[in-house]
Amino acid sequence: MTDHGADELSSRTGSPDGEGRVPEERSLLHQSLAVRELIDTEVSYLHVLQLCASDIRSHLQQLPQGDLDVLFSNIDDIIKVNSKLLHDLQETAAREEEQVQLIGNLFLEFQEELEQVYKVYCASYEQALLLVETYRKEPQLQGEIQDTIEAVLPQAGPSGLSFLLVIPLQRITKYPLLLQKILENTLPDASAYPVLQRATSALQDVVTNINEYKRRKEVASKYTKVEQLSLWERLARINTHTLSKKTTRLSQLLKQEAGLIPKTEDKEFDDLEESFHWVSLCVTELKNNVAAYLGNLEAFLRFRPQEYDLDIPGGPVVQYCYLARDLQLQAFPEFKQRLEALVWQPLCSLAKALAGPQNLIKKRLDKLLDFERVQEKLLEVGSMTYEEEAARHMYEALNSLLVAELPQFKQLAVRWLGQILCTFVTLQTDLAKQVLQRAEGSLAQLPHHHVSDPAFRKLVEDALGQTGHQLHSFQQNFEKVLSPPTTQPLLPGAERQVQALLSRYGPGKLYQVTSNISGSGTLDLTLPRGHIVALLQDKDTKGNSSRWLVDTGGHRGYVPAGKLELYHVVPREEELRGQAKPHRDSERQTPEPTLALVPSVPAVTQVVAVYPFVARSSHEVSLQAGQQVTVLEAQDKKGNPEWSLVEVNGQRGYVPSSFLARAPGPALWGWSLPS
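What counts and what doesn't
- Residues numbered from 1 in each chain as written.
- Predicted model: local features only at pLDDT ≥ 70, side-chain atom pairs only at ≥ 80, totals over all residues.
- Heavy atoms only, no water.
- Helix = DSSP H or I, 4+ residues; strand = E, 2+ residues; numbered from the N terminus.
- Buried < 20%, exposed > 50% of the residue type's maximum accessible area, 1.4 Å probe, protein only.
- Contact = heavy atoms within 4.5 Å.
- Pairing = 2+ DSSP bridges.
- Axes fitted to C-alpha atoms, helices over the stretch in contact; angles between N-to-C directions.
- Parallel < 35°, antiparallel > 145°, perpendicular 65-115°, else oblique.
- Nonpolar A, V, L, I, M, F, W, Y, C, P; charged D, E, K, R; others polar.
- Salt bridge = Lys/Arg side-chain N within 4 Å of Asp/Glu carboxyl O.

## Quick look at the overall build of the protein chain
Inference 1: Scanning the protein chain for helices and strands turns up 19 helices and 10 strands.
Inference 2: Counting the 675 residues in the protein chain, one finds 33% classified as buried.
Inference 3: Within the protein chain, residue pairs in contact and separated by at least 24 positions form 67% of the contacts whose partners lie at least 6 positions apart.

## A look at the pairing of strand 4 (residues 556-560)
Inference 1: Pairing of strand 3 (residues 547-551) with strand 4 involves 5 bridges; the strand directions are antiparallel. Looking across to strand 4, one finds that V550 is bridged to G557.
Inference 2: Taking the residues between adjacent antiparallel strands as the criterion, strand 3 and strand 4 are bridged by 4 residues, where G553 takes a positive phi near 95°.

## Concerning the environment of E98
Inference 1: With respect to the element layout, E98 can be found in the loop between helix 4 (75-91) and helix 5 (99-123).
Inference 2: In the structure, E98 is positioned 93 residues away from S191 in sequence and 9.2 Å away in space, judged by C-alpha atoms.

## Looking at the side chain of S280
Inference 1: Tracing the backbone through its elements, the reader meets S280 in helix 12 (residues 267-302).
Inference 2: Not counting residues up to four positions away in its chain, the partners in contact with S280 are L354 and Q358.

## Quick word on the sheet that holds strand 9 (residues 651-656)
The pairing of strands in a sheet happens through backbone hydrogen bonds and is either parallel or antiparallel.
Inference 1: Ordered in space as 9-8-7-6-10, the 5 strands form an open sheet in which the pairing is antiparallel. Where the open sheet ends on each side, the last strands, each with one partner, are strand 9 and strand 10 (660-661).
Inference 2: Of the pairings in the sheet, the one linking strand 6 (residues 605-609) to strand 7 (residues 628-633) comprises 4 bridges and is antiparallel in character. Counted as the bridge partner of Q606 is T630 from strand 7.

## A word on the packing of helix 6 (residues 125-136) against helix 8 (residues 161-184)
Inference 1: Closest axis-to-axis distance for the helix 6/helix 8 pair is 10 Å, and the angle between their directions is 170°. Classed by the angle they form, the pair helix 6 and helix 8 counts as roughly antiparallel. Contact residues: Y125, A128, L129, V132, Y135 and R136 in helix 6; L161, S162, L165, V166 and L169 in helix 8.
Inference 2: Residues belonging to the contact of helix 6 with helix 8 are distributed by class as follows: 9 nonpolar, 1 polar and 1 charged.

## Some details on the pattern of salt bridges
Inference 1: Following the criterion strictly, the structure yields 20 salt bridges and no others.
Inference 2: A salt bridge links K84 to E113, with the nearest nitrogen and oxygen atoms 3.2 Å apart. Here the residue K84 occupies a position in helix 4, and E113 occupies one in helix 5, the gap between them amounting to 29 residues.
Inference 3: Of the residues examined, K84 reaches a relative accessible area of 37% and is grouped as partly exposed.
Inference 4: By sharing partners, the salt bridges in this structure join E298, K336 and E340 into a single network.

Shape is all these values report; function is a separate question.
So this is what it looks like as structure tokens:
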């Protein structure tokens, strides 16, 4: 029986069919071993990851949380994906005949997930190695880390953290090799062969994409660093190479602006850049507004009216002082503290986070100019140097990274900004509720507490209306006694400029600067107090009505609208005399107090200041309305009668002649100017 079986085996192996089966069986055996290696190493790999995430990470509490986030990166996501992969791989063992084909389909299915999780880990690998190097400079800390790792994974050896960090990188690069080994031991005519080919190629693409993503991230990290350098440090970095590059880029840009060479159009990126710019602008505006809000809140907290003696008997005033003191010491300081922690600091962090992408966008423009120059040379010569090829790849990497990640970053920034705004609204609501709760006990002791809200609102409106009417009546009565000018006196020699603006724009467009203006922007003007300008547009290009576009007669630019007031043209002396002649008879019939101009007054004459005047230089002297003034010279040194040399309270200086007048005696007319 045995001899018969041996003869049968001998005859089978000696036949041509038998010779063909031996390599086939050997290939199937090696294929089975390769599959077993894939699954067994996956089990061991996942076990090491789980130890890193649970035991080792939890025992490294002496490290800051930020360091742990960099070291272990997204290891939890990797464990999640590889756990599913291992589970599906182990299930293929139940269908041995189709196992190889199932494994190929499985890796095709997990291709995208593996690439997503591993490219994040690989991108932060270099930063993790930098942390490891810093730990080695602290022997005590390095010893504690090494003891923790050896207690959990003795096979890590002296490499410690470096051994653990490189394991995911080694695993993702080993998948194509393991699949290639299975493919090599699969018959070409087998149904699983094309599936394994596609899976092997797919995993090779995954490794290539991860390497490219890692390279782009390294480029981005290089250019997103916003360095605070002094002028001397920037000058120290200038050399012949940087000057050559910047000169070439400037030449390329000038050629494009002149239309000599075409400009690369990228509508997709231009749209992304514009939308990102608007997000950055919103963050900047909100940051400025919150800073102003905090400044106003700080000023409000410094003002404590409850500490002043109001000289009013007790009752509602005592309750008001108690409530105001309570709010000033507790509610408002707590609100300010929460506002700084929950709104201001996150807003500053968001603005700081936007600086990196903004710098990257600027750097892309430089690299685009380099790329266009290389493309031109490639079309002309047909070749490029190694440095030029590197510049080309640098632009492509930057552009691809921005197009891929700028939308995600913008979406995250918008969400972050929305949360900050919601927090701000919530804090305001909480403050209002807190103030109402604290005031609830005091409201009952205040007047009109029993009045309904509509009736109380009507009561307040009536009181404000009555007070406003009284103020208006007082203003009218005051203007009857003395009508102060709405304009400051002109600077000497400015009459010609005013006349030019008047003839060009008309009196309704002339405004006068009420206080000194110091321009901070490119198109902002710097003007002294009293300067005359003509209004061109009552808003800027962004629709901001607080900045007006004006013409000074020589320059055009923007000034704050709050520092301008309408200029009333003062008639010249000849015009006043011409207007006075037709009414000479009527003036004799009804005597009225007349104000004579100073030029008609002899030198060393006592006159009265009709309007207040603030000196703007050491050559001028200030006046108060109704003040007695001694005129020394009815003109300046150049003979200009519009300025007079006067003496006031022992001080000498020039004042506008139109601000002075001879006052009639009270015995003749029965009235005098107020002193």
